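The chain contents come next:
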Amino acid sequence: MPGFTTRPEIRGTFGVVASTHWLASAVGMSMLEKGGNAFDAAAAAGFTLQVVEPSTNGPLGEAPMLVWSEANRRCDMVCGQGVAPQAATIAKFRDLGLDLIPGTGLLAAAVPAAFGAWTRLLRDYGTMPLVEILGPAIGYAENGYPMARRISETIAAVAEMFRREWPSSAAVYLPRGMPPEPGRLFCNPALAAMYRHVLAEAGDGPREHQIERARTAWYRGFVAEAIDRFCRHEKVLDASGRRHHGLLTGDDLARWEVPVEAPVTFDYHGYTVAKGGPWSQGPVFLQQLALLQGFDLGDLDPVGPDFVHVVVECAKLAFADREAWYGDPDFVDVPMRTLLGGAYNDSRRRLVGEAASLELRPGRPEGRTPRVLVGGHEAAIAGAGIGEPTIGEPATSPLGVVAGDTCHVDVVDRWGNMVSATPSGGWLQSSPVIPELGVCLGSRMQMFWLEEGLPASLEPGKRPRSTLSPSMAFKDGQPYLAFGTPGGDQQDQWSLLMFLHHVHHGMNLQEAIDCPAFHNEHIPSSFYPRAAQPGLVALEARFPDATRAALARRGHRLRVGEAWSEGRLSGCARETTPEGTVLKAAANPRGMQGYAVGR
C-alpha cells in the first residue's frame, strides 16, 4: 500500500519542475509552456530564485548544475563554482592575523560564478533569448514578491548588524527601518536596474551574441567594475569581529570562465549516479553508495535503528575521506578511482561495527597518510568537537554566519532533457550590498583551510571544496532522476536518504522526501568556524521512541528536532513505460516553501 504523503507526486507527460520556492517552480513551468526546453526553464527559475530567496542565493554567488542533453546524449557538469582571487594567499591571511577565513564579509568572496553558469547553460543548451529568461526575475524585483517567513526571519537575525555596520544592506532589506513582514510584498529595485543594464548591454542581434555581450558586461564591464571598487574602498565588519577590505578584483572576474566537465559516476543496483568532481563534496554521495552496497538495506525498516545506524556509520567513513582527500583536481591529485574502488571499500566497510564510532577515520588510499583539521586545528584523527551544533535547517547568527543555506531546482522537459542545479552564495547575510548592484558578494572561500599542504588549502585560482552538490541518476543506462537539496554538509546525507528510500524501499519521489529524515554532524563543518560534533545524529521527532532508544544504546549522541525539520529536497524523473513516457516530480513540505509543478 502507498504510504502517506503531504502532497501528491506530480505526474504528467509535458514537463515538470521542482524547486525550493513555489514562484521559481511556476516560472520554470511558464518557460516550458512557451516552448522552451529544460535548460531555458532552469535558467529562468534560477534567476528568479536569486530574487525571491535572497537569504539562500544571489546573483554574485554560485550555481553548479548537472545537465543531460538529449541532443548530445551526454551528462555534463556546468561548474558554476568560482575560484579564489589572485591576491588570496595563506600568507595574506596570516599577515591579517587570521587562522580561519571569516564566514562573512569581503575576505571570503570567490569569483562570482552564478551568472556565468546560467548564461553558459542558456547559450550552449537553451533556445530562448536572455530578455525572456530574465523577465520574471526583473518583474519580481521591480514590482515585489510575497516575502517568505524564513527569509524574513533571516533578515531579523542580522537587522541590528545591518543598521550598525552594513548600511547599504539596511537600505535594501530594512524598509522603513524594520525587517519585512512575512507575506508582504518586497522589492529590490536596484537589482532590477542592474539586470536591465545587463540587457541594455546585451543589445539586439542573434541570441548567442546577446548572451556573450551580457557576459562581457558582467565579467569585464560595469558589474566587475562595481565589485572591484567596493572591495578596494570598503572596509567592513566580518565574522572575525574585525573590519577588512576585499581581495577580489575586476581582473579576477575577467580571467575566469565557467568550465564544463564530465561528472564522477558510480553504478549501484541498476542505477548510475552522477555527481560533481572532488572540487565539491559530490563524490561523498558515491562513496557512501560504495560502502552501503555491502548491506541489505531493502530488508531494513527506513525508520528503524539498524537502517539509521548503518547509514550514519558509512557516512562518517565517507565524509572523513572528504576531509582528508578532496580538493580542486586542477591543483591536487585526488585518488578518486581508489576511493570508489571495490577493494578499498570492502576494507573500509569492515570498520562498521555494532556501536557508534566517535573517531574521525579517514582511509589510506594507495598508502597515503591522511591529515584532517577541525576548527582550524589538526585533529588526532579522533577529533574533539568545538563550537555550537547547527540545526537541520541552517540557522543564521547575528553576525551573519550561516551553516549552509542554499536553494535547488530540477527540471525535466518533454524531450527528455534534464537539469539539476544547486544555486547558493551571495546570500543577503554574507556581506554588505554593493549599492550599484543591489546585491552582495558570497563567502564560499570560508571552505578553504589556511594550512599548507592540504587538498583543500587556499591557493589563488583554486576552487574551494564546495558543499554544493546537485545529483542525477540513470536507470538501466537511461536518464531517470534529477534531484537535490540545500543544506551544506547535509546535502549528500539528505539526498542520499531520498535515493535509498526510492531504490530500496519502493517509495515514490514524494514518499521518499516525506519519510522521516536524519543527518550526522560527526565530521568537521565546511563552514566557519569549522566545528565538529563527534557522534552526533540529528533525528526528526517522527522517529519511533524505540528507534531513538536503540540508537542511544549503541552510543549515538542524539538531538531530536521538530517533526518536519530535516532537508529541503526536490526531484524530477522521467520513466518509460510500455504505454509511454511519464514525467514525475516532488518537493519538500518542510518550511512550507518548496513546490513541484507539471502536467
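One can find the structure itself at the top, above this paragraph.
Residues numbered from 1 in each chain as written. Predicted model: local features only at pLDDT ≥ 70, side-chain atom pairs only at ≥ 80, totals over all residues. Heavy atoms only, no water.

Student: What am I meant to see in the side chain of Ser-424 here?
Tutor: Examined against the element boundaries, Ser-424 turns out to sit in the loop between β15 (418-421) and β16 (471-475). Take Ser-424: its relative accessible area is 0%, and that puts it in the buried class. One polar contact links Ser-424 to Arg-444, side chain to side chain, over a distance of 2.9 Å. Setting aside its immediate chain neighbours within four residues, Ser-424 contacts Thr-56, Asn-57, Gly-61, Glu-62, Asp-405, Thr-406, Arg-444 and Leu-468. (Helix = DSSP H or I, 4+ residues; strand = E, 2+ residues; numbered from the N terminus. Buried < 20%, exposed > 50% of the residue type's maximum accessible area, 1.4 Å probe, protein only. Polar contact = N/O pair within 3.5 Å; in protein donor to acceptor, adjacent residues only side chain to side chain. Contact = heavy atoms within 4.5 Å.)

Student: How do you make sense of the nonpolar core when you look at a structure like this?
Tutor: Across soluble globular proteins, nonpolar side chains show a tendency to be buried alongside one another. Counting residues in hydrophobic clusters, the biggest one holds 94 residues, and the most contacted among them are Trp-118, Tyr-195, Ile-227 and Leu-437. Sort the elements by how many residues they give to this core and helix α2 (residues 38-52) lands first, with eleven residues. Ignoring any residue separated from it by four or fewer positions in sequence, one finds Ile-227 in contact with Leu-60, Pro-112, Leu-248, Leu-253, Ile-434, Leu-437 and Leu-441. Ranked by size, the runner-up nonpolar core spans 66 residues in total, among them Phe-266, Leu-292, Tyr-344 and Ala-512. (Core = buried A, V, L, I, M, F, W, Y, C linked by side-chain atoms within 4.5 Å.)

Student: Got a minute to help me understand the packing of aromatic side chains in this structure?
Tutor: Centre distance and the angle of the planes are the two values used to describe a pair of aromatic rings. Throughout the structure, instances matching the rule amount to 20 aromatic pairs. A centroid spacing of 5.7 Å and a plane angle of 45° characterise the contact between Tyr-219 and Trp-256, whose relative ring orientation is tilted. Pair noted here: Tyr-219 is in helix α9 (residues 207-219) and Trp-256 is in the loop between α11 (250-254) and β9 (260-261), with a separation of 37 residues, a long-range link. Here the two residues Tyr-219 and Trp-256 agree in accessibility, since each one is buried. Here the aromatic rings of Phe-483 and Phe-499 are separated by 6.1 Å at their centres, their planes lie at 10°, and the arrangement is stacked. Here Phe-499 lies in helix α16 (residues 491-504) and Phe-483 lies in strand β17 (residues 478-484), a separation of 16 residues in the sequence. Assigned by exposure class, Phe-483 and Phe-499 land together as buried. A network of ring pairs unites the aromatic residues Tyr-268, Tyr-271, Phe-285, Tyr-480, Phe-483 and Phe-499 as a single cluster. (Phe/Tyr/Trp six-rings, centres within 6.5 Å; stacked < 30°, edge-to-face > 60°.)

Student: How should I be thinking about the pattern of salt bridges in this particular structure?
Tutor: Where charged atoms from two side chains of opposite charge approach closely, those side chains can pair. Counted under the stated rule, the structure contains 45 salt bridges. Here Arg-243 and Glu-165 are joined by a salt bridge, their closest N and O atoms 2.5 Å apart. One end of the pair, Arg-243, is in strand β8 (residues 243-244); the other, Glu-165, is in the loop between α6 (149-164) and α7 (167-173), with 78 residues separating them in the sequence. The class of Arg-243 is partly exposed, set by a relative accessible area of 42%. Linking Arg-463 and Glu-261 is a salt bridge whose minimum nitrogen-to-oxygen distance equals 2.7 Å. Of this pair, Arg-463 sits in the loop between β15 and β16 while Glu-261 sits in strand β9; the two residues are 202 residues apart in sequence, bridging distant segments of the chain. Each member of the pair Arg-463 and Glu-261 is classed as buried. When salt bridges with common partners are traced through the structure, they connect Arg-120, Arg-123, Asp-124, Glu-212, Arg-215 and Glu-257 into a single cluster. (Salt bridge = Lys/Arg side-chain N within 4 Å of Asp/Glu carboxyl O.)

Student: Whenever I open this one, the sheet that holds strand β19 (residues 536-540) confuses me. Can you help?
Tutor: Strand pairing within a sheet occurs via backbone hydrogen bonds; the two strands may be parallel or antiparallel. Spatially, β18-β19-β20 is the arrangement adopted by the three strands of the open sheet, whose pairing is mixed. Every interior strand has two partners, whereas the edge strands, β18 (518-520) and β20 (557-561), have only one. On average, each strand axis in the sheet is inclined to that of its neighbour by 20°, with strand direction left out of account. The pairing of β19 with β20 spans five bridges and is parallel. Its bridge partner being in β20, Ala-538 is matched across the sheet by Arg-559. Set on the sheet, helix α13 (residues 305-325) makes contact with β18 and β19; between it and β18 the angle comes to about 35°. (Pairing = 2+ DSSP bridges. Axes fitted to C-alpha atoms, helices over the stretch in contact; angles between N-to-C directions.)

Student: Can you walk me through the packing of helix α1 (residues 22-33) against α2 in this structure?
Tutor: A pair of packed helices can be characterised by two numbers: the angle between their axes and the separation between those axes. The interhelical angle for the contact between α1 and α2, taken along N-to-C directions, is 150°, at an axis separation of 8 Å. Overall, the two elements α1 and α2 adopt an arrangement that is roughly antiparallel. In this structure, the crossing between α1 and α2 has a hand that is right-handed. Contact residues: α1 offers Leu-23, Ala-24, Val-27, Gly-28, Met-31 and Leu-32, while α2 offers Ala-38, Asp-40, Ala-41, Ala-44, Ala-45, Thr-48, Leu-49 and Val-52. When its residues are assigned to classes, the contact of α1 with α2 shows eleven nonpolar, two polar and one charged. (Parallel < 35°, antiparallel > 145°, perpendicular 65-115°, else oblique. Left-handed = near helix turned anticlockwise from the far one by under 90°. Nonpolar A, V, L, I, M, F, W, Y, C, P; charged D, E, K, R; others polar.)

Student: Help me understand the packing of helix α5 (residues 130-143) against helix α8 (residues 189-202) in this model?
Tutor: Remark: α5 packs on α8, axes separated minimally by 8 Å, with the N-to-C direction vectors making an angle of 160°. One element, α5, and the other, α8, form an angle in the roughly antiparallel class. Taken as a pair, α5 and α8 cross one another with a handedness that is left-handed. Where α5 abuts α8, its residues Leu-130, Val-131, Leu-134, Ile-138, Ala-141 and Glu-142 lie against Pro-189, Leu-191, Ala-192, Tyr-195, Arg-196 and Leu-199. Of the residues contributing to the contact of α5 with α8, the split by class is ten nonpolar, no polar and two charged.

Student: What exactly am I supposed to notice about the sheet that holds strand β1 (residues 10-12) here?
Tutor: In space, the seven strands of this open sheet follow the order β1-β22-β21-β17-β16-β11-β10, with antiparallel pairing throughout. Looking at strand neighbours, the two that pair on one side only are β1 and β10 (264-268), the edges of this open sheet. Adjacent strand axes in the sheet meet at a mean angle of 20°, parallel and antiparallel pairs treated alike. Here β16 runs beside β17; their pairing, made up of five bridges, is antiparallel. Within β17, the position partnered with Ser-471 by the bridge is Phe-483.

Student: Help me understand the pairing of strand β22 (residues 580-587) in this model?
Tutor: Pairing of β1 with β22, which is carried by three bridges, proceeds in the antiparallel orientation. Paired with Gly-12 across the two strands is Leu-583, which belongs to β22. Both strand β21 (residues 570-577) and β22 contribute to a ladder of eight bridges, which runs antiparallel. Each residue of the ladder has a partner; that of Arg-574, found in β22, is Leu-583. Here β21 hands over to β22 after two residues, the two strands then running antiparallel side by side.

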